[in-house]
Amino acid sequence: MEIAAENKLGQGKTVGLDYYFNHESRKSPITGEPEPFHYTWEERTHGGFWFWGNQFRELGGKTVSVPTAPTAASLKGLDVYIIVDPDTRKETPNPNFVEAAHVQAISDWVKAGGTLVLFANDTSNCEIPRFNQLAQAFGLRFANTSLNMVKGDQFEQGKVDLTGGKTVFKTAKTAYVKELAPLEVKSPAQPLVKNGNHVIMATAKVGKGTVFALGDPWLYNEYVDGRKIPATYENFQAGKDMATWLLQQTVRK
């Protein structure tokens, strides 16, 4: 009953999660066949987005995977498109890299009203150079360095103050984000959340659409399920704040 009224926000809206640039696989313990894992909607263990996906669904949105390359056809019908941690050669033998045609298709989709999310990772775990070709189309660039290198359980080393980003984070004040790539920002992008002189999160308005960028997948189950990090870090609530904001940005294309 508490969330019944919120369900209207996402009704008729579709949130797509890329499985093309991020398509790591492992042997299924049940079927023995390869199965996708790491930053997928379905995965309920540490590395998945089950909790964040459920927040979109509780807000009335529909979550889908996008296993093919971004084209006008594959993006049609999506209101939000999320790309997370594109693969390097060490993560998969045949990675799909960002190409010029992908940049064009995504740019056209955003300009027509799409809402794009770019989550990179620290430089040793993400294909940054080609991903930057896409980010730069919106005034964004993931820097070739890493911040918040947390040692063991020294969680304070991953602290990010969200109070400067109230346009997105209406309720969450503090988040935990470890081993991230900071952002370099120029117009049309604008900084949203900063740690000192480093831009941690940024947004851009491009045509009728919106872009959000952060150099870490940060909302995966391990750091939103409330079991590992101290309650001081409000990643679960930050995920809901962000899901709400993303659905609010969507316009009919």
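Residues numbered from 1 in each chain as written. Predicted model: local features only at pLDDT ≥ 70, side-chain atom pairs only at ≥ 80, totals over all residues. Heavy atoms only, no water.

(A) Seen up close, the overall build of the chain. The helix and strand tally for the chain stands at five helices and 13 strands. With the C-alpha coordinates of the chain rotated into their principal frame, the extents come out at 45 × 40 × 40 Å. Split into buried and exposed, the 253 residues of the chain put 55% on the buried side. Taking all contacts inside the chain whose residues are at least 6 apart in sequence as the whole, residues at least 24 apart take part in 70%. Treating the 28 positive side-chain charges of the chain as one cloud and the 27 negative ones as another, the clouds have centres 7 Å apart. (Helix = DSSP H or I, 4+ residues; strand = E, 2+ residues; numbered from the N terminus. Buried < 20%, exposed > 50% of the residue type's maximum accessible area, 1.4 Å probe, protein only. Contact = heavy atoms within 4.5 Å. Lys, Arg positive; Asp, Glu negative; His and termini not counted. Charge placed at Lys NZ, Arg CZ, Asp CG, Glu CD.)

(B) Quick peek at helix α1 (residues 50–58). The complete set of buried residues in α1 reads W52, G53, Q55 and F56. Taken end-on, α1 shows its buried residues confined to a sector of 150°, consistent with a single buried face. In this structure, the buried side of α1 is in contact with β1 (14–18), β4 (62–66), β5 (80–84), β6 (115–119) and α5 (235–249). In the stretch just after α1, G60 is the one whose phi turns positive, near 100°. (Arc of directions from axis to C-beta.)

(C) Inspection of the packing of aromatic side chains at higher detail. Inspection of every chain in the model, using the stated rule, returns 18 aromatic pairs. Centroid distance Y20 to F21: 5.1 Å. Interplanar angle 80°. Geometry classified as edge-to-face. Ring geometry for W41 versus F56: centroids 6.1 Å apart, planes at 70°, classification edge-to-face. Of the two residues, W41 is situated in the loop between β3 (34–36) and α1 and F56 in helix α1; the sequence distance between them amounts to 15 residues. Assessed through its relative accessible area of 0%, F56 is described here as buried. Directly above the aromatic system of W50 lies the positively charged group of R44, at a separation of 3.7 Å from the ring centroid. (Phe/Tyr/Trp six-rings, centres within 6.5 Å; stacked < 30°, edge-to-face > 60°. Lys NZ or Arg CZ within 6 Å of the ring centre and 35° of its normal.)

(D) Up close: the pattern of salt bridges. Under the counting rule described, the total for this entry stands at six salt bridges. A salt bridge links E179 to K178; the shortest N-O distance between them is 3.9 Å. Judged by relative accessible area, which is 23%, E179 ranks as partly exposed. The salt bridge involving E222 is made with K228; its shortest N-O contact spans 2.5 Å. Taking relative accessible area as the criterion, K228 reaches 40% and is therefore assigned partly exposed. (Salt bridge = Lys/Arg side-chain N within 4 Å of Asp/Glu carboxyl O.)

(E) Summary view of helix α3 (residues 100–111). Helix length check: α3 (twelve residues) gives 16 Å between terminal C-alpha atoms against 16 Å at 1.5 Å per residue, within 8%. Within the span of α3, buried status applies to H102, V103, A105, I106, S107, W109 and V110. Once α3 finishes, G113 follows within two positions and takes phi at roughly 125°, a positive value. (Expected span 1.5 Å × (residues − 1).)

(F) Here's a closer look at the pairing of strand β11 (residues 189–195). Alignment of β11 against strand β12 (residues 198–206), held across six bridges, turns out to be antiparallel. Bridging from a neighbouring strand, V193 pairs with M201 of β12. Here β11 folds back onto β12 in antiparallel fashion, the turn holding two residues, of which G196 has a positive phi close to 65°. (Pairing = 2+ DSSP bridges.)

(G) Looking closely at the environment of S146. Within the secondary structure, S146 is located in the loop between β7 (140–142) and β8 (159–161). For S146 and A73, which are 73 residues apart along the polypeptide, the C-alpha to C-alpha distance reads 35 Å.

(H) Up close: unusual backbone geometry. Look at the link from S187 to P188: it is a cis peptide, with omega at 15°. Here P188 lies in the loop between β10 (183–185) and β11. In this structure, N148 is a non-glycine residue whose phi angle is positive, near 55°. Counting through the fold element by element, N148 comes out in the loop between β7 and β8. Residue N148 is classed as buried on the basis of its relative accessible area of 16%.

In short, the description is geometric, and any link to function would need to be established separately.
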